[in-house]
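Chains, contacts and geometry: an overview
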Amino acid sequence: MNYQLLAERLLPGEYPSLASFEEKYPPRALPKGAEVTRLAPSPTGFIHLGNLFAAIANERIAHRSGGILYLRIEDTDLKRKVDGAVEAVINALKYFDIRFDEGAEIGGDETYAPWYQRGRAEIYRAYAKRLIEEGRAYPCFCTEEELELLREEQTKKKEITGYYGKYAKCRDLSEEEIYRNLDAGKPFVIRLRSMGNPENKIKFHDEIKGEITVTENDQDVVILKSDGIPTYHFAHAIDDHLMRTTLVIRGEEWLASLPIHIELFEALGFERPRYGHNCSLMKQDGETRRKLSKRKDPELSLEFYRKDGYFPRAVKVYMLTLLNSNFEEWYLKNPDADLNEFPFKASKMSKSGTLFDLDKLSDISKNELSKLSAEQMAAFLRGWAEEFGTEAQRGFFADEEKMLRVLSLCMGIGGKKRRKDFTTASQAMEFIRYFFERPAAYEELRTESAVCARVLKDFLARYRYGDDAQAWFASVKEIAAANGFAAEMKDYKANPQGYRGSVADVAEILRIATTGKANTPDLWTIQQILGEAEVRERAELALRDLCGGEDK
RNA sequence: GGCCUUGUGGUCAAGCGGUUAAGACGGCGCCCUCUCACGGCGCAAUCCCGGGUUCGAUUCCCGGCAAGGUCACCA
């Protein structure tokens, strides 16, 4: 068979020589050891935790080594295209401090452009043409229906499904048959003529998993679809070679197609990049666990974290602790270090799927947020409120000075110990709400309401706004004593039967009256922030609404 | 079903022939001048199973089992 002629018939016209591509996209002039990594999403615009997970690994490895991280868009499937998706991806990642050096919509060095695969059609076809000329690729005229039938037949016979060996009908079509089909105008795809044998096992070094064995590929995979656009596999081999990628960190789901890629690189005569296949994020689903799915699991979406107001650095720290097992220890020792100083290593990446743990994330969030100054916290909350908060919540920021005092109190700024009350912006806004709105409801009291009423009346009679914390608490003790409560905790503990309760119960009454809640930071400070008139007002209100206005 | 990967407390995990089998999150208990938060102390809880190899296996080998991934003209 004259492959030369066939190639010309299949992909007519002049294509740039393969050598010219090598020239146009030369090896990168980077210092030794510098890694070139990439992110290659399809333009659905949906970027999720799994993407972020891989993105952080790629970014860290590239930049730790003095290399390059670039963004390539795999838009070979039109069905997946969504407008504005690329910008969405870039912005979402920027939020987590992941920046590209070059790539689609990035600017930077354009030597290796175009970054959209649709813009590289000529390149793929040129290589496909060469493969046809060499007899390593051939046209296939099978329809999708035929392939479907084949699959059913194979399944029924319990044989391996796919287009290979004796099942590859078009692999050995005669020259005559090929041209007859072509003349009839039948659509065709280009398939690789695989030379592999699945009996052969290949040892392979994976940067994350270590030594693994893979089976040789024997599938005559499609490399060019009937519209002349390459499949992922073919585009991957060509792009990562021409863009001079040194290390491909990608999801574990690609491990199964590694044999195809190995054969493709070999057929094309390219040196392979190194690979690292990282585990996926899992979720507990009843008895079993499964890969986080974008349809079922809202927490997979990055949007979920933005809406809830998770602090970006916290999410990043959490990802890092999952990504590198020694990160947590390092971070404990260097709590204030720049995250980029951590010596990230692909070999420290986990081999097995990890269950996503919201509790852990919350804990990290509390710690991260507690490191902020009141000003930083206010800025973070305001940013969140402007985008996701209610009108009322935005109103909290009207009095900036008050907001700063509130945050300082809730974060323990100025005290001996930092408080850690906040996990997310939405939770924090709810937490500080009583500073800005009167209680709409009261948490349950341990003390009967008639007694509460007396305590509140006493409080109203004795409250002096000018009292310092000590004097204030002394008067709370007096109120306690006057109403049959133990003024000293020790006394109460020594003789619980002898009292109606302790000063703690009295404090609870006052706390719930002024905030509606049983648990808050220091009450005296809260009252200082609220102001005398407001404190009295709330006590009166509580007397009426909480205690039914009971007198005596 | 074939192939590949993975199997240490509830979760993330150190460990890589001899350890009281780290640490973190979560849970529980106690302490900490009024609650909460913070902090401190403590408790419970783990080497998937079965065979080998070895004086000795969580660690090495084999075989099971389980979980996950993948088998498209999607990436």
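Residues numbered from 1 in each chain as written. Chains lettered and ligands numbered in written order. Predicted model: local features only at pLDDT ≥ 70, side-chain atom pairs only at ≥ 80, totals over all residues.

What follows covers the overall build of chain A. Each helix and strand counted, chain A has 23 helices and 15 strands in total. For a compact globule of 552 residues, the expected C-alpha radius of gyration is about 24 Å, and chain A comes in at 33 Å, more than 25% above that figure. The C-alpha extent of chain A, read off along each of the three principal axes, is 110 × 55 × 40 Å. Expressed as a percentage of its 552 residues, the buried residues of chain A come to 34%. The long-range share in chain A, meaning contacts at least 24 apart out of those at least 6 apart in sequence, stands at 75%. (Helix = DSSP H or I, 4+ residues; strand = E, 2+ residues; numbered from the N terminus. Rg over C-alpha atoms; globule rule 2.2 N^0.38 Å. Buried ≥ 20, exposed ≤ 12 C-beta atoms within 10 Å, placed from the backbone. Contact = placed C-beta atoms within 7 Å.)

Two elements, strand E11 (residues 281–285) and strand E13 (residues 354–355), share two bridges in a ladder whose sense is parallel. Residue pairing for E13: Leu281 is matched across the bridge by Thr354. With four bridges connecting them, E11 and strand E12 (residues 288–291) associate as antiparallel partners. Among the inter-strand pairings, Gln284 is bridged to a residue of E12, identified as Arg289. (Pairing = 2+ DSSP bridges.)

Glancing now at the nonpolar core. Within the largest apolar cluster, 99 residues are counted, with the highest numbers of intra-cluster contacts made by Met319, Leu323, Leu456 and Val506. For this core, the element with the highest residue contribution is helix H3 (residues 49–64), accounting for nine residues. In this structure, Leu323 is in contact with Phe53, Ile56, Ala57 and Met349, ignoring residues within four places of it in sequence. Residues Leu131, Ile132, Ile223 and Leu224 belong to the second largest nonpolar core, which totals 26 residues. (Core = buried A, V, L, I, M, F, W, Y, C linked by C-beta atoms within 7 Å.)

With that settled, consider the domain arrangement of chain A. As far as domains go, chain A holds domain 1 (3–15 + 121–278), domain 2 (285–369), domain 3 (372–435) and domain 4 (449–545). Taking the mean C-alpha position of each, domain 1 and domain 4 sit 78 Å from one another. (Domains from an automatic or database assignment.)

What follows deals with the environment of Cys142. Looking at the element boundaries, Cys142 is found in the loop between strand E4 (137–140) and helix H6 (144–156). Separated by 93 residues in the primary sequence, Cys142 and Leu49 have C-alpha atoms spaced 39 Å apart.

Note on sheets: strands pair through backbone hydrogen bonds, and any given pair is parallel or antiparallel. Strands sit in the order E1-E2-E3 across an open sheet of three strands; the sheet is parallel. In this open sheet, the two edge strands, each paired with only one partner strand, are strand E1 (36–39) and strand E3 (102–103). Alignment of strand E2 (residues 68–71) against E3, held across two bridges, turns out to be parallel. Looking at E3, one finds that Leu71 is bridged to Gly103.

All right, on to the protein's contact with RNA strand B then. In the vicinity of RNA strand B, 69 residues are found, and the nearest of them are Glu74, Ser325, Ser350, Ser352 and Ala507. Secondary-structure elements contributing two or more residues to the surface near RNA strand B are H6, strand E7 (210–215), E12, helix H11 (312–323), E13, helix H13 (358–370), helix H21 (503–515) and helix H22 (523–530). Ranked by the residues each element gives to the surface near RNA strand B, the list is headed by E7, at five residues. Residues that form the surface near RNA strand B fall into these classes: 21 nonpolar, 20 polar and 28 charged. (Near = placed C-beta within 6 Å. Nonpolar A, V, L, I, M, F, W, Y, C, P; charged D, E, K, R; others polar.)

The next subject is the environment of Arg274. Position of Arg274 among the secondary structure elements: in strand E10 (residues 274–278). Taking the number of C-beta atoms within 10 Å as the measure of exposure, Arg274 has 14 and is therefore partly exposed. Excluding anything up to four places from it in sequence, Arg274 contacts Glu207, Thr246 and Leu247.

What follows covers the sheet that holds E4. Pairing within the open sheet is antiparallel, and its three strands lie in the order E4-E5-E8. Single-partner strands in this sheet number two, and they are E4 and strand E8 (222–224). On average, each strand axis in the sheet is tilted by 45° relative to the strand beside it, whichever way the strands run. By the bridge criterion, four bridges tie E4 to strand E5 (residues 189–192) in an arrangement that is antiparallel. Of the residues in E5, the one forming a bridge with Ala137 is Leu192. (Axes fitted to C-alpha atoms, helices over the stretch in contact; angles between N-to-C directions.)

What follows is about the packing of H21 against H22. Taken N-terminus to C-terminus, the directions of H21 and H22 make an angle of 30°; their axes are 11 Å apart at the nearest point. The angle between H21 and H22 falls in the class roughly parallel. Where H21 crosses over H22, the two elements pack in a sense that is left-handed. Across the interface between the two elements, Ala507, Leu510, Arg511, Thr514 and Thr515 of H21 pack against Leu523, Ile526 and Gln527 of H22. Partitioning the contact of H21 with H22 into residue classes produces four nonpolar, three polar and one charged. (Parallel < 35°, antiparallel > 145°, perpendicular 65-115°, else oblique. Left-handed = near helix turned anticlockwise from the far one by under 90°.)

On to the pairing of strand E6 (residues 201–206), then. In regular strands, side chains alternate between the two faces of the sheet. With zero of its six residues buried, E6 lies for the most part at the surface. As paired elements, E6 and E7 share six bridges and run antiparallel to each other. Within E7, the residue paired with His205 across the bridge is Glu211. Two successive antiparallel strands, E6 and E7, enclose a turn made up of three residues.

Each neighbour pair has its own omega, and for Ala113 with Pro114 the value is -5°, a cis peptide bond. Summarising the element assignment, Pro114 is placed in the loop between E3 and helix H5 (121–133). In this structure, Arg244 takes a positive phi of about 60° despite not being glycine. By secondary structure assignment, the location of Arg244 is in the loop between helix H8 (232–242) and strand E9 (247–251).

In this section: the confidence of the model for chain A. Across chain A, pLDDT averages 93, with 99% of residues at or above 70. Across the predicted assembly, pTM comes out at 0.92 and ipTM at 0.94. (pLDDT = per-residue confidence, 0-100.)

Now for helix H4 (residues 85–94). Turning to H4, its buried residues number three or more, namely Val86, Val89, Ile90, Ala92 and Leu93. Projection of H4 onto a plane perpendicular to its axis shows the buried side chains occupying an angular sector of 165°, all on one side. Along H4, exposed side chains directed more than 90 degrees from the buried face belong to Glu87, Asn91 and Lys94. Looking at the buried residues of H4, the elements they touch are H3 and helix H10 (302–308). (Arc of directions from axis to C-beta.)

Relative placement of two packed helices is described by the angle separating their axes and the distance separating the axes. In the contact formed by helix H18 (residues 449–462) and helix H19 (residues 469–482), the axes pass within 10 Å of each other and the chain directions differ by 140°. Relative to H19, the element H18 is oriented oblique. For H18 against H19, the interelement crossing comes out right-handed. Listed contacts from H19 to Val455, Asp458, Phe459 and Arg462 of H18 are Ser475, Ile479 and Ala482. Classifying every residue of the contact of H18 with H19 gives four nonpolar, one polar and two charged.

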